[in-house]
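Below, each chain spelled out in residue letters.
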Amino acid sequence: MTNVTKSRPLSPHLQIYKPIPTMVMSIVHRITGCALYFGTILVAWWLIAAASGPAYYDWAMWAFGTIIGQLILFGYTWALVHHLFGGIRHFVWDLGYGYEKHFATKLAIANLVGSVAVTLVIWIVGYAVR
């Protein structure tokens, strides 16, 4: 009896397919979903610090105020907005719309551009009202 699995062709994978916007946005949607777990832990830490007293809260605010803390918060904001827009895009597909190739590509690009623009607006408004 021969080994049938060794003679089967391998399934195409990422190194075979040419990246297209919808594929890239699907991958980024999954990555941002995972990143939201880490960011939500930071939100919980901030809330625990606020409930623990002024000294711990001041320390947490100092950590979030550093350059690295600000970059992490900016990335979390972008991941949240991008994942939200990706979820809306998937909801539109669940309703049966937007399957046309050109529209799906434009929607994927709009997802990226819109998430960056909305993230920048959120941070600009955040600094303006501070």
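Keep in mind that what you see is a predicted model, and the values were worked out from it rather than measured.

Draft legend 1. Structural view of the packing of aromatic side chains. Per the stated rule, a full pass over the model turns up six aromatic pairs. Seen from their ring centres, Trp 46 and Tyr 57 are 6.3 Å apart, and the 50° between their planes marks the pair as tilted. One end of the pair, Trp 46, is in helix 2 (residues 21–52); the other, Tyr 57, is in helix 3 (residues 54–65), with 11 residues separating them in the sequence. A residue is classified by how much of its surface remains accessible, and Tyr 57, at 26% relative accessible area, is partly exposed. Between Tyr 56 and Trp 59, the aromatic rings sit 6.1 Å apart at their centres with planes inclined by 10°, giving stacked as the arrangement. With Tyr 56 and Trp 59 both in helix 3 and three residues apart, the pair spans about one turn of that helix. Classification of Tyr 56 as partly exposed rests on a relative accessible area of 33%. Taken together through their ring pairs, the aromatic side chains of Trp 45, Tyr 56, Trp 59 and Phe 64 make up a single cluster.

Draft legend 2. Molecular detail of the UniProt feature "binding site: heme" (unreviewed entry) in the chain. The UniProt entry lists His 83 under the feature "binding site: heme" (unreviewed entry), expressed in the numbering used here. Here His 83 lies in helix 4 (residues 67–94). Accessibility expressed as a relative area gives 24% for His 83, which makes it partly exposed. Sequence-distant contacts of His 83, defined by excluding residues within four places in its chain, comprise His 29, Thr 32, Gly 33 and Leu 36. A polar contact of 3.1 Å, which involves the side chain of His 83, links it to the side chain of Thr 32.

Draft legend 3. Seen up close, the side chain of Gln 70. Along the chain, Gln 70 falls in helix 4. If we skip the residues at most four places from it in the chain, Gln 70 touches Phe 64, Gly 65, Trp 123 and Tyr 127.

Draft legend 4. How the structure looks around the UniProt feature "transmembrane region" (unreviewed entry) in the chain. Here, the residues flagged by UniProt with the feature "transmembrane region" (unreviewed entry) are residues 27–48, 60–86 and 107–129. A distance of 32 Å separates the end C-alpha atoms of residues 27–48, which is 100% helix and 0% strand. Across residues 107–129 one finds 96% helix and 0% strand; the C-alpha atoms that close the span lie 32 Å apart.

Draft legend 5. Spotlight on helix 2. Compared with an ideal rise of 1.5 Å per residue, which puts 32 residues at 46 Å, helix 2 spans 45 Å between its outermost C-alpha atoms and is within 8% of the ideal. Within the span of helix 2, buried status applies to Thr 22, Met 25, Val 28, His 29, Thr 32, Gly 33, Leu 36, Gly 39, Leu 42 and Ala 49. At its buried positions, helix 2 is contacted by helix 3, helix 4 and helix 5 (101–128). After helix 2 finishes, the residue Gly 53 shows a positive phi value of roughly 125°.

About the cut-offs
- Here the residue numbers are simple positions, counted from 1 along each chain's written sequence.
- Only residues with pLDDT of at least 70 get local features here, since the model is predicted, and only at 80 or more are side-chain atom pairs given and counted; chain-wide, interface and lining totals rely on the full set of residues.
- By convention in this description, side-chain values take in all heavy atoms of the structure and omit both hydrogens and water.
- Each aromatic pair joins two rings of Phe, Tyr and Trp (for Trp, the six-membered one) with centres within 6.5 Å, and gets the label stacked for planes under 30 degrees apart, edge-to-face for over 60, and tilted for any other angle.
- Comment: elements are numbered from the N terminus, with helices defined as DSSP H or I runs of at least four residues and strands as E runs of at least two.
- When accessible area is computed with a 1.4 Å probe and restricted to protein chains, residues below 20% of their type maximum are described as buried, those above 50% as exposed, and intermediate ones as partly exposed.
- UniProt positions are given in the numbering used here, feature names are shortened, and annotations may be inferred rather than shown by experiment.
- Only heavy atoms enter the contact rule, under which two residues are in contact if any of them lie within 4.5 Å.
- Here a polar contact means two N or O atoms within 3.5 Å. Within protein one must be a hydrogen donor candidate and the other an acceptor candidate, and residues neighboring in sequence count only if both atoms are side-chain atoms.
- To estimate the expected span of a helix, count its residues, drop one, and scale the result by 1.5 Å.

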